[in-house]
Amino acid sequence: MNYVFWFLGLGIFGFCIGKFIKHKSLYPFMPFRYDFRKRRDTFKLVLELLNRTNAKVIVETGTSREGLKGAKSNGAATIVFGKWAQKNQAIVHSVDISKQSIKHAHDEIQKQGLENFVQLHLSDSISFLKNFESQVDFLYLDSYDYSDDLEEQKKSQLHHLGELKAIEHRLHNNSIVLIDDCDLPNGGKGKLVVEYLLQKNWKILVNAYQILLVNNNFSPYGHL
Ligand SMILES: C[S@@+](CC[C@H](N)C(=O)[O-])C[C@H]1O[C@@H](n2cnc3c(N)ncnc32)[C@H](O)[C@@H]1O
């Protein structure tokens, strides 16, 4: 009987260790309990680059529709970069076409006390970006959901390319572009954006679940 308890204890211990190893937090920047999983490393690098480039204007397409609860599934980027903006006197503009997504993001922003650092915009992202009037230091593309359906995949890729083209003239040498959901069948959300930018004097800094691009003239200490 003792052996049974031993094996059970060992099993539970192994399970906890496995969970701990898989858990990818942004601690101490975000509370340890939030697991950013496949986005943790790129978020961490972007936070470092935002510091180095002294970024002031962050634009996100597709808002945190699940608030911080969505850290593992959606990324919760609005809140992560909102917190960075709060600490660095910057501003996040997050645009979304869905009233419900905006409402959920709004609730979380209030809960986190970020209302002076995150502005939510209810709009189609391409129309919003076309009318955006200031330079963009960090652009995060994460709107039109990617799916298993081939037609939807193409629409998502074209939409993200449309977003990039709509705001391209507001990017500068030290801008950072991050695209979510890329390591997926047929190239994910970023396929066409990446092809386009690579022809335009941009290079890939990280090619993972998210793709991070910077201009060939990027100099991380340029704004300091
Ligand atoms: C994956 S979620 C965004 C997740 C968020 N970036 C985060 O890190 O938590 C995608 C969002 O894009 C929005 N969306 C879809 N099509 C859009 C469009 N044409 N313009 C703006 N937002 C759109 C959806 O309503 C949804 O809320």
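Structural notes, computed from the coordinates. The model shown is predicted, which means the values in this text are computed figures rather than measured ones.

Calculation rules
- Each chain has its residues counted from 1, following the order in which its sequence is written.
- The predicted nature of this model means local features are confined to residues of pLDDT at least 70 and side-chain atom pairs, given and counted, to a pLDDT of 80 or more, with totals for whole chains, interfaces and linings taken over all residues.
- Hydrogens and water molecules were not included; the side-chain quantities draw on all heavy atoms of the structure.
- For the purposes of this section, nonpolar cores are sets of buried Ala, Val, Leu, Ile, Met, Phe, Trp, Tyr and Cys residues that join through side-chain atoms within 4.5 Å.
- Burial status follows relative accessibility: with a 1.4 Å probe on protein chains alone, a residue under 20% of its type maximum counts as buried, one over 50% as exposed, and anything between as partly exposed.
- Here a strand is any run of E in DSSP of at least two residues, a helix any run of H or I of at least four, and the numbering for each starts at the N terminus.
- Any two residues whose heavy atoms approach within 4.5 Å at even a single point are treated as in contact.
- The criterion for strand pairing is that DSSP finds at least two bridges linking the strands in question.
- Only the contacting stretch of a helix is used when fitting its axis, a line to C-alpha atoms as for every element, and angles between N-to-C directions run 0 to 180 degrees.
- Take the number of residues in a helix, subtract one, and multiply by 1.5 Å to get its expected span.
- What the arc measures is the spread of directions leading from the helix axis to the C-beta atoms.
- Here a polar contact means two N or O atoms within 3.5 Å. Within protein one must be a hydrogen donor candidate and the other an acceptor candidate, and residues neighboring in sequence count only if both atoms are side-chain atoms.

## Side note on the nonpolar core
- Membership of the largest hydrophobic core comes to 34 residues, with the highest contact counts inside it found for Phe36, Phe43, Leu50, Val80, Phe81 and Phe138.
- Where this core is concerned, the elements lending two or more residues are α2 (40–53), α3 (77–87), α4 (99–111), β4 (136–141), β5 (171–179) and β7 (211–215).
- The biggest single contributor to this core is α3, with six residues.
- Residues contacting Leu50, with those up to four places away along its chain left out, are Ala55, Ile58, Phe81, Trp84, Phe138 and Ile176.
- In terms of nonpolar packing, the next biggest core, distinct from the first, is built from 26 residues, Phe128, Leu141, Leu161 and Ile167 among them.

## Details of the environment of Val59
- Looking at the element boundaries, Val59 is found in strand β1 (residues 57–61).
- Separated by 43 residues in the primary sequence, Val59 and Ile102 have C-alpha atoms spaced 15 Å apart.
- When near neighbours in sequence (up to four residues on either side) are disregarded, Val59 contacts His93, Phe128, Leu129, Phe132, Val136, Phe138, Leu139 and Tyr140.

## A closer look at the sheet that holds β4
- Taken in spatial order, the seven strands make up an open sheet running β3-β2-β1-β4-β5-β7-β6, and their pairing is mixed. Pairing within the sheet leaves two strands with one partner each, and these edge strands are β3 (118–122) and β6 (202–207). Strand-to-strand twist of the sheet, defined as the mean angle between neighbouring strand axes without regard to direction, takes the value 20°.
- Here α2 sits on the sheet in contact with β1, β4, β5, β6 and β7, set at roughly 165° to β5.
- Docked against the sheet, α3 engages β1, β2 (91–96), β3 and β4, running at close to 160° with respect to β2.

## Remarks on α4
- Over its 13 residues, α4 runs 18 Å from end to end, which matches the ideal 18 Å to within 8%, given 1.5 Å per residue.
- All buried positions along α4 are accounted for by Ser101, Ile102, Ala105, Glu108 and Ile109. Projected down its long axis, α4 carries its buried residues within an arc of 130°, all on one side. For α4, the exposed residues lying more than 90 degrees away from the buried face are Lys99, Gln100 and Lys111.
- The inward-facing, buried residues of α4 contact α3, β2 and β3.
- With a side-chain oxygen positioned 3.2 Å from the backbone nitrogen of Gln100, the residue opening α4 is Ser98.
- Where α4 terminates, the next one or two residues include Gly113, which has phi positive at roughly 65°.

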